[in-house]
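# Survey of secondary and tertiary structure
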Amino acid sequence: MRKLLYVFIVVLIFTNCKQEEATVPTGLVTEKAMVVSAREEASKIGTEIIKKGGNAFDAMVATELSLAVAYPFAGNLGGGGFMVYRKNNGEVGALDYREKAPLAAHKDMYLDSLGNVIPKMSTSGGTASGVPGTVAGVMAVHEKFGKLPLNDIMEPIIALAKKGVVVTKKQAKRLKGTRNRFIEVNGESTKFGQLFKEGDTIKYPELAKTLEIIMTEGKDGFYKGEVAQKLATYIQEHGGLITEEDMAKYEAKWRDPIVFDYKELKIISMSPPSSGGVTMNQIFKMMEPYDVAKFGHNSAQTVHLFTEASRRAYADRNYYLGDPDFVDIPYDMLLNDKYLKDRMSNFSFDKATLSSEVSHGDVQIYESMETTHYSIVDNEGNAVSATTTLNGGYGSKLYIEELGFFMNNEMDDFSSKPGVSNMFGLIGAEANSIAPEKRMLSSMSPTIVEKDDKLYMVVGTPGGSTIITAVAQTILDVYEFNLSMQDAVNAPRFHHQWLPDQIIFEPDGFSSDLIEGLKSKGYIINEKRTPIIGKVDAIRVLSNGHLEGGADKRGDDSAFGF
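Every value quoted in this text rests on a predicted model; they were computed, and no experiment measured them. (Residues numbered from 1 in each chain as written. Predicted model: local features only at pLDDT ≥ 70, side-chain atom pairs only at ≥ 80, totals over all residues. Heavy atoms only, no water.)

### Points about the packing of aromatic side chains
Counting across every chain of the model gives 30 aromatic pairs. Taking 5.4 Å as the distance between ring centres and 80 degrees as the angle between the ring planes, the aromatic pair formed by Phe306 and Phe494 counts as edge-to-face. A residue pair is termed long-range when its members are at least 10 positions apart, and Phe306 in helix α13 (residues 300–320) and Phe494 in strand β16 (residues 494–495) qualify at 188 residues. Both residues of the pair, Phe306 and Phe494, count as buried. Within the aromatic cluster, the residues linked to one another by ring pairs are Tyr71, Phe73, Phe182, Phe192, Phe196, Tyr394, Tyr399 and Phe406. Seen from the ring of Phe73, Arg174 lies directly overhead, with NZ or CZ sitting 4.5 Å from the centre. Over the aromatic face of Tyr204 sits the side chain of Lys191, whose NZ or CZ is 5.3 Å from the ring centroid. (Phe/Tyr/Trp six-rings, centres within 6.5 Å; stacked < 30°, edge-to-face > 60°. Helix = DSSP H or I, 4+ residues; strand = E, 2+ residues; numbered from the N terminus. Buried < 20%, exposed > 50% of the residue type's maximum accessible area, 1.4 Å probe, protein only. Lys NZ or Arg CZ within 6 Å of the ring centre and 35° of its normal.)

### A short note on the layout of surface pockets
Considering only enclosed or pocket space, the second largest pocket measures out at about 350 Å³ in volume. Lining the second largest pocket are 18 residues, with Phe73, Arg174, Ile532, Lys535 and Arg554 positioned closest to its centre. If one sorts the elements of the lining of the second largest pocket by residue count, helix α6 (residues 169–186) sits on top with four residues. Grouping the constituent residues of the lining of the second largest pocket by class yields seven nonpolar, three polar and eight charged. (1 Å grid on protein atoms, 1.4 Å probe; cavity = no way out; pocket = protein on both sides within 12 Å on 5 of 7 lines; lining within 4 Å. Points joined across faces, edges and corners; volume = space filled by probe spheres on them. Nonpolar A, V, L, I, M, F, W, Y, C, P; charged D, E, K, R; others polar.)

### Digging into empty space enclosed by the protein
What the rule picks out here adds up to six cavities of 30 Å³ or more. Taken as a whole, the largest cavity encloses approximately 60 Å³ of empty space. Considering the residues around the largest cavity, the lining is formed by 13 residues, among which Ala68, Pro72, Gly404, Phe405 and Phe406 are closest to the centre.

### Some remarks on the nonpolar core
Formed by 82 residues in total, the largest nonpolar core has its most connected members in Leu77, Phe222 and Leu231. Looking at this core element by element, the count peaks at eleven residues for helix α3 (residues 56–70). Core analysis: the second largest hydrophobic core is formed by 81 residues, Phe295, Tyr339, Ala491 and Val536 among them. (Core = buried A, V, L, I, M, F, W, Y, C linked by side-chain atoms within 4.5 Å.)

### Things to note about the sheet that holds strand β17 (residues 503–505)
If you walk across this open sheet you meet the three strands as β16-β17-β18, and the pairing is mixed. Looking along the sheet, the strands with just one partner apiece sit at the ends: β16 and β18 (525–526). The sheet contact formed by β17 and β18 spans two bridges and is parallel. Bridge pairing in β18 places Ile504 opposite Asn526. (Pairing = 2+ DSSP bridges.)

### Points about the sheet that holds strand β20 (residues 547–551)
Ordered by their spatial adjacency, seven strands build an open sheet running β1-β20-β19-β15-β14-β9-β8, and the pairing between neighbours is antiparallel. Both outer strands of the open sheet, β1 (29–30) and β8 (258–262), are each paired with one neighbouring strand and no more. Of the strands in this sheet, β8, β9 (265–269) and β14 (447–451) touch helix α11 (residues 276–287), which is tilted by about 15 degrees from β8. Sheet contacts for helix α16 (residues 467–479): β8, β9, β14, β15 (454–459) and β19 (537–541); angle to β15, the most-contacted strand, approximately 135 degrees. (Contact = heavy atoms within 4.5 Å. Axes fitted to C-alpha atoms, helices over the stretch in contact; angles between N-to-C directions.)

### Here we look at the pairing of strand β4 (residues 92–97)
With respect to burial, β4 is a largely interior element, five of its six residues being buried. Pairing geometry for strand β3 (residues 80–86) and β4, over six bridges, is antiparallel. Paired with Gly81 across the two strands is Tyr97, which belongs to β4. A loop of five residues connects β3 with β4, the two strands running antiparallel in sequence, and Gly90 in this loop sits at a positive phi of about 95 degrees. Across three bridges, β4 lies against strand β7 (residues 253–255) in antiparallel orientation. Within the sheet, the bridge partner assigned to Asp96 lies in β7 and is Lys253.

Here is the structure:
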């Protein structure tokens, strides 16, 4: 009997070890520190800051501001974002530097005299911009956690802006595709009215000057004085509402992240006004009773279960969530185990549940895909996960020539009119209606994962309303299906967000048999629109403490470290 028990234990240990070892890294592996972001230049500068003696928070400042230079499509000074962190002692926290509605904003500001939404007003030009939060965010991080002097962090970024950034093939395509919009909003003489080709270098002398002012004067260098005055003047000249008072009043806000368990994992994600943490919490908890690993990666059962959990979670997200400073969010109900069990009570592997049968009805939300994310782990074991955006690609397309950056069009993330679709054809709820100084709801989901009380993953992505499902699938791919970090990032993704009642699959990633099988269960498959879903940038901590990067091949994303 003892011998049999001994053999069983040895087999069990061997099996577990084999499973762990089977996950061979396929991405960049480094020993001490890593930065993964949307552009090589930003990942390099962030890594160099850690090499100089900085920590993950110094690298966050460097990476965020470098993306404003190297990746103006979504990196920014004129936008905002969220950060989740985990210090090497296990302490976790979150920072909300989301944009705010100006003081003069009001609930019906995008409606005409008949109460109809005015086309383009919330998406293009000065009327679309909220008060930017990025500079306040990075300055708050540096003040609270930074080790290096601000000059040491910002000098290489200013040098990059002066030297210029080489245009990639993908960037050239985006700039060409948006060129007419730039001219329409800013006039013929705008910097981005010219045609840039792959291999060209774009220099940003005006942005370098703005960054120099911030380096010298800190947060006040952006929110007060010359920069704030020029920004407010330019916005108002283009019909917008932002004033110098709006700028002076803006503050980033420290918040408690959403923290929950999924099997062996502890997941730390962003709290409202991000919907990421709450919605992911619901999805994972609804999936937890099932042996997902046995279903297989992207199998019909996995897609079916994940879709039904997402359908129910997004229905709640769209109805209940908004800025917690303005809306009472029923966390106790939304995250209650019994409530979530009841939500899945009509789930069956035999058929789709129609979204019309899943409350809360009549509301839905969609956001632009054009955000950017970066993940950082330093040589002290601190981790930062941050997602930042202008909303649409190049935001409102409004480029402030004298300051060298684009402004956001985040006002479109509010519900211009509850029950009426925004520019992406989807609908918002009362909880996310416009009010002065309110932050608009977001799906940005910077996330950190622990396993056995140790840092396990840092993950996030752009992708609008697909962010939450992309992050959740990436975590499941590593944990449940033993994919390497890079393979999990590369893996094809799918998405369902309650309404419209359809599944979107990335092109060429799923078999026709799987899709036909889902159709037979009553699923509607969107086969006309098969976009890429997210550009995940992630880091996994290996069993030996080394770091594996996952830089998404869907973009120009890049991992660097040492």
